[in-house]
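Working through the structure, step by step
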Amino acid sequence: MLTRKQLDLLRFIDERMREDGVPPSFDEMKDALDLKSKSGIHRLITALEERGFLRRLPNRARAIEVLRMPDGSGRMAAPAPVAAPAPRRFTPSVVEGGRAKAVPPRPTTQMVDDSGRSVSIPVMGRIAAGTPISAIQNQSHAITMSPDFLAGGEHYALEVRGDSMVEAGILDGDLVVIRKQDTANTGDIIVALIDDEEATLKRLRRRGSSIALEAANPAYETRVLGPDRVQIQGRLVSLVRRY
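Residues numbered from 1 in each chain as written. Predicted model: local features only at pLDDT ≥ 70, side-chain atom pairs only at ≥ 80, totals over all residues. Heavy atoms only, no water.

In the annotation of an unreviewed UniProt entry, the entry for the chain reads LexA repressor, and the organism field reads Methylobacterium cerastii. Of the comments in the UniProt record for the chain, the one headed Catalytic activity (unreviewed entry) reads "Hydrolysis of Ala-|-Gly bond in repressor LexA." According to its UniProt record, the chain has this under Function (unreviewed entry): "Represses a number of genes involved in the response to DNA damage (SOS response), including recA and lexA. In the presence of single-stranded DNA, RecA interacts with LexA causing an autocatalytic cleavage which disrupts the DNA-binding part of LexA, leading to derepression of the SOS regulon and eventually DNA repair." (UniProt positions renumbered as here; feature names shortened; annotations may be inferred.)

**Observations concerning the confidence of the model for the chain**
Considering every residue of the chain, the mean pLDDT works out to 77; 73% of them sit at 70 or more. Taking the mean pLDDT of every element in the chain, the minimum, 48, falls on strand S5 (residues 133-134) and the maximum, 95, on strand S11 (residues 210-214). This model gives residues 76-108 a pLDDT under 50, and the stretch forms 53 contacts once residues within four places in sequence are excluded. (pLDDT = per-residue confidence, 0-100. Helix = DSSP H or I, 4+ residues; strand = E, 2+ residues; numbered from the N terminus. Contact = heavy atoms within 4.5 Å.)

**Topic: the UniProt feature "active site" (unreviewed entry) in the chain**
The feature "active site" (unreviewed entry), as given by UniProt, occupies Ser-164 and Lys-202 in the numbering adopted here. Despite a sequence span of 39 residues, these residues sit close together in the fold, their greatest C-alpha distance being 8.3 Å. Looking at the secondary structure, you find Ser-164 in the loop between strand S7 (155-161) and strand S8 (175-179). Since its relative accessible area comes to 0%, Ser-164 is described here as buried. Following the sequence through the fold, Lys-202 ends up in strand S10 (residues 198-207). (Buried < 20%, exposed > 50% of the residue type's maximum accessible area, 1.4 Å probe, protein only.)

**A word on unusual backbone geometry**
A positive phi is found at Asp-34, a non-glycine position, where the angle reads about 60°. By the secondary structure assignment, Asp-34 is in the loop between helix H2 (26-32) and helix H3 (38-50). Taking the relative accessible area as the measure of exposure, Asp-34 reaches 56% and is therefore exposed.

**Observations regarding the environment of Asp-188**
For Asp-188, the position within the fold is in the loop between S8 and strand S9 (189-194). Its relative accessible area of 18% is what places Asp-188 among the buried residues. Sequence separation between Asp-188 and Lys-202 is 14 residues, and the spatial gap between their C-alpha atoms is 8.4 Å. A distance of 2.8 Å separates the side chain of Asp-188 from the backbone nitrogen of Asn-185, its partner in a polar contact. (Polar contact = N/O pair within 3.5 Å; in protein donor to acceptor, adjacent residues only side chain to side chain.)

**What to know about the side chain of Lys-202**
Using a relative accessible area of 6% as the deciding quantity, one classes Lys-202 as buried. Within the local environment of Lys-202, its side chain forms a polar contact with the side chain of Thr-200, the two groups lying 3.1 Å apart.

**Some points on the packing of aromatic side chains**
Within the structure shown, the criterion is met by zero aromatic pairs. The positively charged end of Arg-68 is found above the aromatic ring belonging to Phe-53, 4.0 Å away from the centroid. (Phe/Tyr/Trp six-rings, centres within 6.5 Å; stacked < 30°, edge-to-face > 60°. Lys NZ or Arg CZ within 6 Å of the ring centre and 35° of its normal.)

**Description of the pairing of S9**
Along S9, six of the six residues are buried, which leaves the element largely enclosed by surrounding structure. Side chains of S9 alternate between two faces, with Ile-189, Val-191 and Leu-193 and Ile-190, Ala-192 and Ile-194 buried alike. Pairing geometry for S9 and S10, over six bridges, is antiparallel. Bridged to Ile-189 within S10 is Arg-203. (Pairing = 2+ DSSP bridges.)

Here it is, written out as structure tokens:
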């Protein structure tokens, strides 16, 4: 699932590619999405590239290729013609059932069976081990675990998407079990909500008053953000892998 801004940018690039044969500049993308800086566009493009929607061609300025659209149908159909030309301006599209700035809902309470030997943990959607994706979604199903693999408190699980945490032993498709909490120590692997919009799984580092979200893969750069932009949504306590 893409965030609304990611989908808006992907559609804008796709439309411009089909109209002009060349992708828009970063300034045009920034203006179309009403962002204040090009750094936001860079983050969105990186997210789309890592998720397989875009590809940047090396050593070529403004070389971006749209690989697919979210529905898997490839390039978008041509837009319907308009009666008269208008100044170029991109109108954001709303993803049905999604919100641009969705705060993660409170996970369903975990349930302990009568014997006390197993705990039902709600699975709340997907988390990016890479560039952030949209915030935690509603509960999809539940998994049963032994209390021995949990810490005290409330827990939820997320399905991992991406490879930025592979050197921490977290692979694409794994289920990470998260203890719900809003604080963490340096070195903890956490679920971080960025700008009330995007969630990611990263290792927490503190750099003075700033927060660094560190990948466990040298192909990904560490993101350093102000404390007002990051909310800790929980700490990794366990991992489930299916073979």
